[in-house]
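Structure assessment
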Amino acid sequence: GAVVSQHPSWVICKSGTSVKIECRSLDFQATTMFWYRQFPKQSLMLMATSNEGSKATYEQGVEKDKFLINHASLTLSTLTVTSAHPEDSSFYICSAARREETQYFGPGTRLLVL
Amino acid sequence: GENVEQHPSTLSVQEGDSAVIKCTYSDSASNYFPWYKQELGKGPQLIIDIRSNVGEKKDQRIAVTLNKTAKHFSLHITETQPEDSAVYFCAASQADMRFGAGTRLTVKP
């Protein structure tokens with residue numbers, strides 16, 4: 001299967017700071033990348049979908065000014081959590097897809113906001 | 001939009017037994033159905049998928065069946081092993097992919 005990496009794997013930050021998470025498709029060019037959020041013992045909640053070179057499409061209820069997504073190339077997408085607060089603490093997972101729909105997930109980033 | 005329901009939410013089996021997880025979907029236009037395995041603290045890993053032009057697909061101990069008329073699909077794991085213990089998610093996709101709530105499978109040695 002295709003390999004998707006995320007960096008960092010975990011991050012602890014102070015309330016009010018911004019955190020950037022990188023998602024890379026290592027062995028294929030991803031036409032689309034997705035960002036999910038997962039709370040403990042819950043399913044994956046889609047936050048936004050991004051296509052290379054265009055603005056991300058956010059799901060209802062997800063603040064685009066708080067969760068900034070940049071998809072600068074076919075192998076890299078970044079999620080920036082701006083002015084993070086404790087309620088933003090979660091497991092953030094990206095996935096990457098080629099045209100044929102299959103999504104390959106990264107290992108996830110655990111964010112803890114103090 | 002698509003709605004995916006997954007059952008059971010938890011499943012405990014004895015090593016060597018079979019495990020079956022079932023999902024139903026609402027959008028008849030959905031044509032792609034992957035299954036993911038998520039271990040604790042890790043991202044989901046694709047384990048098998050099926051497209052709407054196929055009724056069954058098998059990969060060693062794992063198989064998936066699809067009933068388009070009834071709009072349900074199932075994951076079958078035979079000869080379960082302790083390392084099969086994880087959370088399994090089904091998903092249905094036509095344009096957007098929607099996930100089931102997950103099934104926590106425990107295989108007791």
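So, here's what we can say about the structure. (Residues numbered from 1 in each chain as written. Chains lettered and ligands numbered in written order. Predicted model: local features only at pLDDT ≥ 70, side-chain atom pairs only at ≥ 80, totals over all residues. Heavy atoms only, no water.)

Some words on the overall build of chain A
- Along the backbone of chain A there are zero helices and 11 strands.
- Taken against the 2.2 N^0.38 rule, which gives 13 Å for 114 residues, the C-alpha radius of gyration of chain A at 13 Å falls within 12% of a compact globule.
- C-alpha extents for chain A along the principal axes are approximately 40 × 25 × 20 Å.
- Across chain A, every contact between residues at least 6 apart in sequence was considered, and the portion connecting residues at least 24 apart equals 54%.
- Counting 11 positive and 10 negative side-chain charges, chain A places the averaged centre of each group 5 Å from the other. (Helix = DSSP H or I, 4+ residues; strand = E, 2+ residues; numbered from the N terminus. Rg over C-alpha atoms; globule rule 2.2 N^0.38 Å. Contact = heavy atoms within 4.5 Å. Lys, Arg positive; Asp, Glu negative; His and termini not counted. Charge placed at Lys NZ, Arg CZ, Asp CG, Glu CD.)

Some details on the state of the cysteines
- What the rule picks out here adds up to two disulfides over all chains.
- Sulfur-sulfur distance for the disulfide between Cys-23 of chain A and Cys-94 of chain A comes to 2.0 Å. Its torsion about the S-S bond being 80 degrees, the disulfide of Cys-23 of chain A and Cys-94 of chain A is classed as right-handed. Within this pair, whereas Cys-23 of chain A is found in strand S3 (residues 19-25), its partner Cys-94 of chain A is found in strand S9 (residues 90-97), the two being separated by 71 residues in sequence. For the residue pair Cys-23 of chain A and Cys-94 of chain A, the accessibility class agrees, reading buried in each case.
- The disulfide that involves Cys-23 of chain B links it to Cys-90 of chain B, with 1.9 Å between the sulfurs. Across the S-S bond linking Cys-23 of chain B and Cys-90 of chain B, the dihedral sits near -100 degrees, which makes this disulfide left-handed. (Disulfide = S-S within 2.5 Å. Buried < 20%, exposed > 50% of the residue type's maximum accessible area, 1.4 Å probe, protein only.)

Topic: the pattern of salt bridges
All names here are of chain B.
- This model, assessed by the stated rule, comprises seven salt bridges over all chains.
- With its nearest N and O atoms 3.7 Å apart, the salt bridge here joins Lys-37 to Glu-39.
- Assessed through its relative accessible area of 31%, Glu-39 is described here as partly exposed.
- A single salt-bridge network, built from bridges that share partners, covers Lys-37, Glu-39 and Lys-42. (Salt bridge = Lys/Arg side-chain N within 4 Å of Asp/Glu carboxyl O.)

Structural notes on the sheet that holds strand S1 (residues 4-7) of chain A
Residues and elements named next belong to chain A.
- Ordered by their spatial adjacency, four strands build an open sheet running S1-S3-S8-S7, and the pairing between neighbours is antiparallel. Sheet topology places S1 and strand S7 (67-73) at the edges, where each strand pairs with a single neighbour. Strand-to-strand, the axes of this sheet are offset by a mean angle of 15 degrees, without reference to chain direction.
- Looking at chain direction, S1 and S3 are connected through four bridges and run antiparallel. (Pairing = 2+ DSSP bridges. Axes fitted to C-alpha atoms, helices over the stretch in contact; angles between N-to-C directions.)

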